[in-house]
Amino acid sequence: MRPTSLSARVTVLLAIVCLLVLGGGAKLMDWRIDHEMASRYRQDLLSQAHALGNMVALEQDVPAGHLADGLPAGDSWYELRCDGAPVQRSDPPPPAVPKGWPDDVGPRPRFARLGQHEHHLDSVRLSFARPVGEDDGARAAAPATCRLLFVQDRHTLDQLLLAIDWILALGPLLAAAIALIAVPLVVRRGLRPIGALVERMHGIGPNAPGQRLAAIGLKELDPLVARFNDVLARMDDGLARERQFASGLAHETRTRLAELRALAEVEARYPSGRSMTELLAEIGSIGAELEATVTALLLLTRLQSGLEQPQWQTLALAPWLERQLQRQQATAAARGLALVSEGSPPEGLHTDPALLEVIVGNLLGNACAYAPAGDTVHLRVDARSLAIDNVAPDLAEADLASFGQRFWRKQLPHASHAGLGLALTVAAAQALGLALDFRLDPQQRLHATLDWRNAITRERATP
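Residues numbered from 1 in each chain as written. Predicted model: local features only at pLDDT ≥ 70, side-chain atom pairs only at ≥ 80, totals over all residues. Heavy atoms only, no water.

1. Considering the overall build of the protein chain
When helices and strands are tallied, the protein chain shows nine helices and 12 strands. Taking all 463 residues of the protein chain together, 35% fall into the buried category. Intrachain contacts of the protein chain at a sequence separation of at least 6 include 66% that bridge at least 24 residues. Of the roughly 27400 Å² of accessible surface on the protein chain, a fraction of 58% belongs to carbon and sulfur atoms. (Helix = DSSP H or I, 4+ residues; strand = E, 2+ residues; numbered from the N terminus. Buried < 20%, exposed > 50% of the residue type's maximum accessible area, 1.4 Å probe, protein only. Contact = heavy atoms within 4.5 Å. Areas by Shrake-Rupley, 256 points an atom, 1.4 Å probe, with all protein chains shown as cover.)

2. Things to note about the packing of helix α7 (residues 353-370) against helix α8 (residues 421-432)
In the contact formed by α7 and α8, the axes pass within 8 Å of each other and the chain directions differ by 145°. Between α7 and α8 lies a crossing of left-handed hand. Here L355, L356, V358, I359, N362, L363 and N366 of α7 come into contact with α8, specifically with G421, L422, L424, T425, A428, A429, A431 and L432. Its residues assigned to classes, the contact of α7 with α8 comprises 11 nonpolar, four polar and no charged. (Axes fitted to C-alpha atoms, helices over the stretch in contact; angles between N-to-C directions. Left-handed = near helix turned anticlockwise from the far one by under 90°. Nonpolar A, V, L, I, M, F, W, Y, C, P; charged D, E, K, R; others polar.)

3. Description of the environment of Q48
Within the fold, Q48 resides in helix α1 (residues 6-58). Here Q48 falls in the buried class, since its relative accessible area comes to 11%.

4. Section: the nonpolar core
Core analysis: the largest hydrophobic core is formed by 49 residues, its most contacted members being L317, L356, I388, F403, F438, L446 and W452. Listed by contribution, the elements that provide at least two residues to this core are α5 (276-305), α6 (317-334), α7, β9 (376-381), β10 (385-391), α8, β11 (435-440) and β12 (445-451). Among the elements that line this core, the one with the most residues is α7, at nine residues. Residues within four places of F438 in sequence aside, it is in contact with L363, L400, F403, L422, L446, H447 and A448. (Core = buried A, V, L, I, M, F, W, Y, C linked by side-chain atoms within 4.5 Å.)

5. Some thoughts on the pattern of salt bridges
Throughout the structure, instances matching the rule amount to 16 salt bridges. The partner of R154 in a salt bridge is D158, with the nearest N and O atoms 2.9 Å apart. For R154, a relative accessible area of 8% gives the class buried. If you follow the salt bridges from partner to partner, you end up with E342, D375, R380, D389 and R445 in one network. (Salt bridge = Lys/Arg side-chain N within 4 Å of Asp/Glu carboxyl O.)

6. Some words on a nonpolar patch on the surface
A surface patch of nonpolar side chains, amounting to about 590 Å² of accessible area, comprises V12, L14, I16, V17, L20, V21 and L22. Within the fold, L14 resides in helix α1. (Patch = residues over 30% accessible without salt bridge, like charges linked within 9 Å, V, L, I, M, F, W, Y side chains within 5 Å.)

7. Observations regarding the sheet that holds β12
On the basis of which strands lie adjacent, the open sheet formed by five strands has the order β7-β9-β10-β12-β11 and mixed pairing. Looking at which strands have only one partner, the edges of the open sheet turn out to be β7 (338-342) and β11. Ignoring strand direction, the axes of neighbouring strands in this sheet form an average angle of 15°. Two strands pair when backbone bridges link them, and β10 and β12 are joined in this way by seven bridges, in the antiparallel orientation. (Pairing = 2+ DSSP bridges.)

8. Re the state of the cysteines
The full count for this structure, using the stated rule, is one disulfide. Paired through a disulfide, C82 and C146 show a sulfur-sulfur distance of 2.0 Å. Between C82 and C146 the disulfide shows an S-S torsion of about 115°. By sign, it is right-handed. Taken together, the residues C82 in strand β1 (residues 76-82) and C146 in strand β5 (residues 139-153) connect sequence positions 64 residues apart. Each member of the pair, C82 as well as C146, is classed as buried. (Disulfide = S-S within 2.5 Å.)

9. Overview of the packing of aromatic side chains
For the structure on display, the rule yields one aromatic pair. For the pair F403 and F438, a centre-to-centre distance of 5.0 Å together with 85° between the ring planes defines the contact as edge-to-face. Here F438 lies in strand β11 and F403 lies in the loop between β10 and α8, a separation of 35 residues in the sequence. By relative accessible area, F403 is classed as buried at 13%. When its relative accessible area of 16% is taken as the criterion, F438 is described as buried. Over the ring of Y41 we find R154, and its NZ or CZ is 5.7 Å from the ring centre. (Phe/Tyr/Trp six-rings, centres within 6.5 Å; stacked < 30°, edge-to-face > 60°. Lys NZ or Arg CZ within 6 Å of the ring centre and 35° of its normal.)

10. Considering α8
With 12 residues, α8 should reach 16 Å at 1.5 Å per residue; the first-to-last C-alpha distance of 17 Å fits that figure. Extensive coverage of α8 is indicated by the burial of nine of its 12 residues. By the burial criterion, the buried members of α8 are G421, L422, A423, L424, T425, A427, A428, A429 and L432. (Expected span 1.5 Å × (residues − 1).)

11. So, the side chain of D30
Take D30: it is sitting in helix α1. Although buried, D30 forms no salt bridge, and the nearest oppositely charged side chain, K27, lies 5.0 Å from it. The contact partners of D30, leaving out residues within four places of it in the chain, are D165 and L168. (Lys, Arg positive; Asp, Glu negative; His and termini not counted.)

12. Regarding the confidence of the model for the protein chain
Of all residues in the protein chain, 86% attain a pLDDT of 70 or more, and the chain-wide mean is 80. Low pLDDT, under 50, characterises residues 134-140; the stretch is placed with 10 contacts to residues that sit more than four places away or in other chains. (pLDDT = per-residue confidence, 0-100.)

13. What to know about the pairing of β1
Extensive coverage of β1 is indicated by the burial of six of its seven residues. As paired strands, β1 and strand β2 (residues 88-89) are joined by two bridges and run antiparallel to one another. Considered in β2, the bridge of E79 is made with R89. Hairpin remark: β1 followed by β2, antiparallel, with five residues in the connecting loop; positive phi at G84, about 75°.

14. With respect to unusual backbone geometry
With a phi angle near 65°, Q444 is a residue other than glycine that sits in the positive phi range. Checked against the element boundaries, Q444 lands in the loop between β11 and β12.

15. Quick notes on the environment of V340
Tracing the backbone through its elements, the reader meets V340 in strand β7. We classify V340 as partly exposed; its relative accessible area is 29%. As for V340 and L325, which are separated by 15 residues in sequence, their C-alpha atoms are 9.2 Å apart. Once you skip the residues sitting within four places of it in the chain, V340 turns out to touch T376, V377, H378 and L379.

Structure representation (structure tokens):
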């Protein structure tokens, strides 16, 4: 399917806007002009009828058919009915006369449209008093009531209004036609900066990290350039993390396989005299470390992709924490560390015990592995959170930003450490919806705090 042109879309929208705005304005102007012309036409019609009435009042003895000869001929007609006098009509008489028209004539003029003619006719009816003459020709004091029907052809007015309608209708159509012709040229010229931006984007990609787009100087495009640069920055960060991950994974796998190969070659060429049981135990230990790395990577991938869903249940926290401390007692005793537990845990916690064990087990294991010999590792727990702190002399404040990255290690790697513990800890905390925070105080003690208030809230809300 052919993509829609932006200039075509703008052109069509602008043409529609021209038709709507100008058409609406033309319709309003047409209504206003029609109203004003009709008002003035009626006023002129009424003025002629009044002039005819005044002539009737002055010319009492004018023969029938010769009344108001000074009025426009050919498009005006009248019929006059006065009490005690014969009916007087124009010559020729009106082409259309409403039946019984004198009966509904009052002191106020009444306008009506008559359609029984080749052209539309407008009429006005009015009544006035006319003095009646005596036998000697003198005027009597008692006036007579006259009723006048004045009819006029509105053909000229209709032609004028039709011409105005055509003018007002052709204006929006002409504007829309001009928009359809001129707007694409103008839009294409205005879109040249976008074309230049597209050309500059061709050289940017994963193979050329660090490149950014320069600001164009247009307030419509500069935000787009800034957003695109942000995306490029995130892409570079992601690629850097992926490269670091691939490098770390290759290093860990190659190291373990190299150990196995070196062990086999050395034993084959220069037998150490160790028993088969000892050799198999060492090979098993190396395989277990490689398996642990792969298992941790699989779990980390499932957590970060959302495939590993928590299995929620209520956990009795006090005995569970006691078991976690007991698992670390051997490591702590070997390094001369003291494990101190303080506070009272909540009675129950709505969580996934396996994922929570990943978090707490890794935090306690790291504290026992990296605290200086003779240090005290504190575990503080209450209804709001769990906190573990220990002395971390080798850590700096800037190192905290790297916590949670895969294969990140401050010291040289231990034999059984691949740098995935904190990454698993952060991913498991996110999966459980728990807040995990690391802080280094002025005494160089590292504080890891796990806020589980959300877990308590979920447990109370669960029926």
